Amino acid sequence: MSVIENKVQRMRRHARIRKKVSGTAERPRFCVSITANHIYCQFIDDVAGRTLAAVSTLSEAFKSQNGKPNMAGAALLGKLAAESAKAVNVGEVVFDRSGFKFHGRIKAIADAARENGLKF
């Protein structure tokens, strides 16, 4: 498969997921996105249209622990995401993998967030 076909398939998966997944203030959407160089995690209230908390590989908390956007860094980012969610009183979320397959770094983020008290 070519790179363009992979992107098209991911966008189709993302559209299919977003039809079913929506966040509220009580149970926000935990959106995880991966680019070539960085990983981004957000807690989004879709009803109000605002981001409640966000953490990424660009954040100071991640950089201070010398994290990299690999598997170990993804686990660290999942832990930091769970801590930032607790800071804004979020305990239960809806997981949005943004069309990415649930393995590798996406799975590491989800598992680390669950281990640190976030319920999916």
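Structure: above.
Report on the accompanying structure. Every chain's residues receive numbers from 1 upward, in the order its sequence appears when written. Totals for whole chains, interfaces and linings use all residues, but because this is a predicted model, local features are given only for residues with pLDDT of at least 70 and pairs of side-chain atoms are given and counted only at 80 or more. For the side-chain quantities, the full set of heavy atoms in the structure was used; hydrogens and water were omitted.

## Observations regarding the packing of aromatic side chains
Thought 1: Only the six-membered ring of Trp is used, alongside the rings of Phe and Tyr, when aromatic pairs are assigned; centres must lie within 6.5 Å, and planes under 30 degrees apart are stacked while those over 60 apart are edge-to-face, with the rest tilted. Throughout the structure, instances matching the rule amount to five aromatic pairs.
Thought 2: Taking the centre distance of 4.7 Å and the plane angle of 5° together, the rings of F30 and F43 count as stacked. One end of the pair, F30, is in strand β1 (residues 29-34); the other, F43, is in strand β2 (residues 39-45), with 13 residues separating them in the sequence. Neither F30 nor F43 differs from the other in exposure class; each is buried.
Thought 3: Pairwise contacts between aromatic rings join F30, F43, F95, F102 and F120 into one cluster.
Thought 4: A cation sits over an aromatic face here: R114 above F120, 4.5 Å from the ring centre. Runs of H or I in DSSP of at least four residues are treated as helices and runs of E of at least two as strands, each being numbered from the N terminus. Think of it in three bands: with a 1.4 Å probe and only protein chains considered, a residue is buried below 20% of the maximum accessible area for its type, exposed above 50%, and partly exposed in between. Charge over a ring is defined by NZ of Lys or CZ of Arg lying within 6 Å of the ring centre and within 35 degrees of the ring normal.

## Quick notes on the sheet that holds β1
Thought 1: What the four strands build is an open sheet, ordered β3-β2-β1-β4; its pairing is mixed. One side of each edge strand has no neighbouring strand; the edge strands of this open sheet are β3 (50-56) and β4 (94-96). Between one strand axis and the next, the sheet turns through 20° on average, direction left out of account.
Thought 2: As judged from the six bridges shared by β2 and β3, these two strands associate in the antiparallel manner. Directly across from Q42, in β3, lies its bridge partner A54. Strand pairing follows a simple DSSP-based rule, namely that at least 2 bridges must link the two strands. Here the axes come from fitting lines to C-alpha atoms, over the contacting stretch only for helices, and the angles between their N-to-C directions go from 0 to 180 degrees.

## Some details on the environment of Y40
Thought 1: Along the chain, the position of Y40 falls in strand β2.
Thought 2: Along the primary structure Y40 and S59 are separated by 19 residues, whereas in three dimensions their C-alpha atoms are 9.5 Å apart.
Thought 3: Any two residues whose heavy atoms approach within 4.5 Å at even a single point are treated as in contact. If we ignore the near neighbours within four places in the chain, the residues touching Y40 are C31, V32, S33, T35, V55, S56 and L58.

## Quick notes on helix α4 (residues 105-115)
Thought 1: Buried within α4 we find I106, A108, I109, A110, A112 and A113.
Thought 2: Where α4 ends, the next residue or the one after it, G117, has phi of about 100°, a positive value.

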